[in-house]
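Summary of structural features
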Amino acid sequence: MARGRKSTSKRTAERRVAAKSKAAKKKAKPVNPSPRPGRHRLLAGATRVLGKGYKPAEASPAPQSVLASIPSMTALLNAAASLPALASHSQSVVTNVLREIVSGFRERVRSGPIAGMDFSLGAVLDATVSHLRSRGTRRLSRVINATGIVLHTGLGRSVLPVEAVERLSNVASGYCGLEIDLETGDRGLRGGYVEELLRELTGAEAALVVNNNAAATMLALRALAQGREVIVSRGQLIEIGGSYRLPEVMSAGGAVLREVGTTNKTHLRDYERAINVRTGLIMHVHTSNYRVVGFSESPTAAQLAQLAHDRKLPMFDDLGSGALMDDELWRSANEPTVAASLRAGSDVIGFSGDKLLGGPQAGILLGRRDTIERLRKDPMARALRVGKLTMAALEAVLELYQDPAAARRRIPLLARLWESADALTQSATELAAMLGAACPGERFEVRADESFAGGGSLPAFGFPTATVRWVPTRGSLDGVARALRLSEPAVLARLNEGAIVFDVRAMREEEFGEVVGAVARSIQDT
């Protein structure tokens, strides 16, 4: 036998000893050991303190048993078929929502504590009804704007005049001559009539309409300065919300930003020094949603246009808001007009259709014929073009501008901005009286206030207005405001210093009755 090895019989004997020792230990182990040391002592102590009726909290049911208790789709669909609240929805919609709710319930069981939660058939159906009701608040529907903000971006900005709505209905309900010259029968220019109106109203040599002013800016940068430097003042590097920041838009348009000056002061010499062989464009930006005041200075559009032309460069003026008429309202607000920018010598200007113009969402480009044709021929122009509905609404609005007096009366934006404080006070008094008669016990007070144009326009220019102020006697302020938002039609008001404030500037008198009804229902619901 090799040295250091144990014999087979000796190894067998050692295994028997080890097995007997293990069996002895297993026999000595308690039958019901405590999972945590001292747990029985803790429970006993709790019983002494809380009394004999104390029972430890019951553990949540095992997830598998809870999952099995969630009703089947067959049971849910059978129950849903007889539920009136779901009768107005198609079976496919109800089925999809039921599956979504059940999937959410199952995920909740798997991922977290479920004590006290209801996974019954009634709970699933209730959640389905609630979900389908909330879908109705997410679709586009009419809202009564009692905020006083006439160009409320969240509410769709400018309201179209009746003439534009009628034109939209006429064009949308059938075919139209979008790109057909009906006189010759040949292919025509899309938007040719709109461009003709724009030329007549502004004196521009040419015009082009794209989707919005961000698109207009990007197209101008791409067509005129792709791969080249664009000189802009640091005080004009605007951000208008969302992802629209001028440096990013410039990069997306393929241009290279060249900042000059400082935030509050930029001199003409700053532009002169920045011009080099890589310069493709000088850009002037109207800061339509903010103002730099105090110790500030910036060259005018006319000065920049002259410098650009002296150096054989184009000049682009991004007007933003796009006031079309040269009248007292825009002069008092120190708002530049389209015609003034063209007279200053801008090669191309861009502005929005749904701001101070009072039309549909659009980006309008005006300027020199050769410059606009460069933009029109750029491949990106087709991707940014507008459809027949925008063209129809825009041409109806522009036709109204042919008679300035009619435009002030018929275009809702202009009519509401021109409304006098006396007329608004009279309207607010009428609304307060109607609310008081319909809601006894509630107090509605007429107060003078101030409102703004909104939509990134006229940021430092307030309009005197009249409001109806209401402090509800029942329910929370947020709860009542939510009830107003969920009414049909929805009513959106201001919340100010513990009160709900209805500003009548952006409201129509025919909407007063609907506001009264919504307020009365909100009181009943709370």
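Description of the structure in this document. Predicted model only: the values in this text are computed from it and were never measured. Within any chain, residue numbers begin from 1 and follow the written order of that chain's sequence. In keeping with the model being predicted, local features are shown solely for residues with a pLDDT of at least 70 and side-chain atom pairs are shown and tallied solely at 80 or more, while totals for entire chains, interfaces and linings include all residues. The basis for the side-chain values is all heavy atoms of the structure; hydrogens and waters are excluded.

Here we come to the side chain of D347. In this text, helices come from DSSP runs of H or I with a minimum length of four residues, and strands from runs of E with a minimum of two, each type numbered from the N-terminal end. Take D347: it is sitting in the loop between α14 (338-343) and β9 (348-352). Partly exposed residues are those whose accessible area sits between 20% and 50% of the maximum for their type, while under 20% is buried and over 50% is exposed, using a 1.4 Å probe and protein chains only. Residue classification places D347 among the buried residues on the basis of a relative accessible area of 5%. For the purposes of these results, a polar contact is taken to be a pair of N or O atoms within 3.5 Å, where, inside protein, one atom must be able to donate a hydrogen and its partner to accept one; residues adjacent in sequence count only when each atom of the pair is a side-chain atom. Engagement of the side chain of D347 in a polar contact is seen with the side chain of H309, the distance being 2.8 Å. D347 has contacts with H309, L313, P314, M315, L366, G367, R368 and T371, leaving out every residue within four places of it along the chain. Whether two residues touch is decided by their heavy atoms; if any such pair falls within 4.5 Å, the residues are in contact.

Moving on: the sheet that holds strand β1 (residues 143-146). For two strands to be treated as a pair, DSSP must find at least two bridges joining them. The strand order β1-β13-β14-β12-β11 describes an open sheet built from five strands, whose pairing is mixed. A single partner strand is all that each edge strand has here, and the edge strands are β1 and β11 (444-454). Adjacent strand axes in the sheet meet at a mean angle of 40°, parallel and antiparallel pairs treated alike. Relative to strand β14 (residues 499-503), strand β12 (residues 457-470) runs antiparallel, the two being bridged by four bridges. Opposite R469, over in β14, you have V501 as the bridge partner. Across the sheet, helix α22 (residues 512-525) is in contact with β1, β11, β12, β13 (490-496) and β14; its angle to β12 comes to roughly 60°. With axes taken as lines fitted to C-alpha atoms, and helix axes fitted only over the stretch in contact, angles between N-to-C directions fall between 0 and 180 degrees.

When we look at burial in helix α21 (residues 477-485), the residues that qualify are V480, A481, A483 and L484. On an axial view of α21, the arc spanned by its buried residues comes to 160°, and they lie on one face. The elements touched by buried residues of α21 are β12, β13, β14 and α22. To obtain the arc, one takes the directions from the helix axis to the C-beta atoms.

Listed in full, the buried residues belonging to helix α8 (residues 192-202) are V194, E195, L197, L198 and T202. Each buried residue of α8 sits inside an arc of 160° when the element is viewed along its axis, so together they form one side. At its buried positions, α8 is contacted by β2 (206-210), α14, β10 (363-367), α15 (369-377) and α17 (388-400). G203, located one to two residues past α8, shows a positive phi value of around 85°.

Our next topic: the layout of surface pockets. Detection works on a 1 Å grid of protein atoms alone, calling trapped sets that fit a 1.4 Å probe cavities and calling open sets with protein on both sides within 12 Å along at least five of seven lines pockets, with lining residues defined by an atom within 4 Å of a point. Grid points are joined across faces, edges and corners, and a volume is the space filled by probe spheres set on the points. If you add up the space inside the largest pocket, you get close to 1,200 Å³. Looking at the largest pocket, it is lined by 36 residues, and the ones nearest its centre are R139, S141, R142, V143 and A490. Top contributing element to the lining of the largest pocket by residue count: helix α6 (residues 121-138), with eight residues. Ten residues, namely Ala, Val, Leu, Ile, Met, Phe, Trp, Tyr, Cys and Pro, are considered nonpolar, four, namely Asp, Glu, Lys and Arg, are considered charged, and the remaining ones, Gly among them, are considered polar. Per-class residue counts for the lining of the largest pocket are 12 nonpolar, 12 polar and 12 charged. Lining the second largest pocket are 31 residues; nearest its centre among them are Q236, H284, H286, T287 and S298. Elements with a contribution of two residues or more to the lining of the second largest pocket: β7 (279-285), β8 (315-320), α13 (328-332) and α14. Grouping the amino acids of the lining of the second largest pocket by side-chain chemistry returns nine nonpolar, 16 polar and six charged.

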